[in-house]
Amino acid sequence: SLPTVLAAAPTLRAYAVRATAPALLIIAAQPLLGALQGVVTGDERFGWAALLRLSHGALRPGLAVLAVALHGGIYEVLWAQGVHDVALVLASALLALRGGVHSTTLDRRQALRALLPLGFQFACLGAVTALVLDAEKMTLSVSRSPQELTYYNVPYGAILRVAALGGALGGVLLPRLSFASA
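These lines cover the structure that appears in this document, whether it is placed above or below.

The rules behind each value
Residues numbered from 1 in each chain as written. Predicted model: local features only at pLDDT ≥ 70, side-chain atom pairs only at ≥ 80, totals over all residues. Heavy atoms only, no water. Helix = DSSP H or I, 4+ residues; strand = E, 2+ residues; numbered from the N terminus. Buried < 20%, exposed > 50% of the residue type's maximum accessible area, 1.4 Å probe, protein only. Contact = heavy atoms within 4.5 Å. Areas by Shrake-Rupley, 256 points an atom, 1.4 Å probe, with all protein chains shown as cover. Phe/Tyr/Trp six-rings, centres within 6.5 Å; stacked < 30°, edge-to-face > 60°. Lys NZ or Arg CZ within 6 Å of the ring centre and 35° of its normal. Axes fitted to C-alpha atoms, helices over the stretch in contact; angles between N-to-C directions. Parallel < 35°, antiparallel > 145°, perpendicular 65-115°, else oblique. Left-handed = near helix turned anticlockwise from the far one by under 90°. Nonpolar A, V, L, I, M, F, W, Y, C, P; charged D, E, K, R; others polar. Core = buried A, V, L, I, M, F, W, Y, C linked by side-chain atoms within 4.5 Å. Salt bridge = Lys/Arg side-chain N within 4 Å of Asp/Glu carboxyl O.

### Details of the overall build of the chain
- Helices and strands together make up the secondary structure of the chain, namely six helices and zero strands.
- Listing the helices and strands of the chain from first to last along the sequence gives α-α-α-α-α-α.
- For the chain, the residues scored as buried account for 20% of the 182 residues in total.
- Across the chain, the fraction of contacts at a sequence separation of at least 24, relative to all contacts at a separation of at least 6, is 68%.
- Approximately 12600 Å² of the chain is accessible, and the part contributed by carbon and sulfur atoms is 75%.

Structure below.
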């Protein structure tokens, strides 16, 4: 069981404690990034939205590789990703606050009032989904070897990336189709 593994491995516990701060930074940034990038996409500033997503999808892992290349470990990787995510939240917030060509502050407030209840439901569903998606990985990490977990994670990650293409297409089409049907 997980408590037995943690009790038997004080080194693992020490790693987990050291990784907590950057991991919390990364976790806190993700819903903010999603919401702010959604605002930029909703304003139909697709070039900026693509640049923000490119930074998250390419620069972020690139910083992790750079951290390892500079002889860093898991903590340096997590800190590099955390700092990147905070910078991206700030850039996304700046873009979102500027608003698109068609938006005014009053329009934005009215839209937020209308969309916030639905957005909250989606956020809750996303949190539950994330836990469910990671449940089997947590179970495998406790009950199997690291090699078996890796054999599972590599193809699983590839499948998730292919599946994300549909989400990306939907994210681009949704604002335009919503506007056309209004």
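### Focus on the packing of aromatic side chains
- Applying the stated criterion to the full structure yields one aromatic pair.
- For the ring pair Y152 and Y156, a centre distance of 5.4 Å and an interplane angle of 20° mean the geometry is stacked. Linking Y152 with Y156, this pair stays in helix 6 (residues 146-181), spanning four residues, or about one helical turn.
- Geometry around Y75 places R18 over its ring, the cationic atom sitting 3.7 Å from the centre.

### Regarding the packing of helix 3 (residues 46-69) against helix 4 (residues 74-98)
- For the pair helix 3 and helix 4, the least separation of the axes is 8 Å and the interaxial angle reads 160°. With respect to helix 4, the axis of helix 3 lies roughly antiparallel. The crossing of helix 3 and helix 4 is right-handed. Between helix 3, through W48, L52, S55, H56, L59, R60, L63, A64, A67 and V68, and helix 4, the contact on the second element is made entirely by E76, V77, A80, Q81, H84, D85, L88, A91, S92 and L95.
- Classifying every residue of the contact of helix 3 with helix 4 gives 12 nonpolar, five polar and three charged.

### Thoughts on the nonpolar core
- Counting residues in hydrophobic clusters, the biggest one holds 10 residues: A29, L33, L36, V40, A49, L52, L88, V89, L95 and A96.
- Residues contacting V40, with those up to four places away along its chain left out, are R45, W48, A49, L52, S92, L95 and A96.

### Describing the side chain of Q37
- Looking at the element boundaries, Q37 is found in helix 2 (residues 10-42).
- Beyond its immediate sequence surroundings of up to four residues, Q37 is in contact with L52, R53, L88 and S92.

### Quick notes on the pattern of salt bridges
- Scanning the entire structure with this criterion turns up two salt bridges.
- For the salt bridge of R45 with D43, the shortest nitrogen-to-oxygen distance reads 3.3 Å.
- Taking relative accessible area as the criterion, R45 reaches 13% and is therefore assigned buried.
- Among the ionic pairs, D85 bridges to R60, the shortest N-O distance being 2.8 Å.

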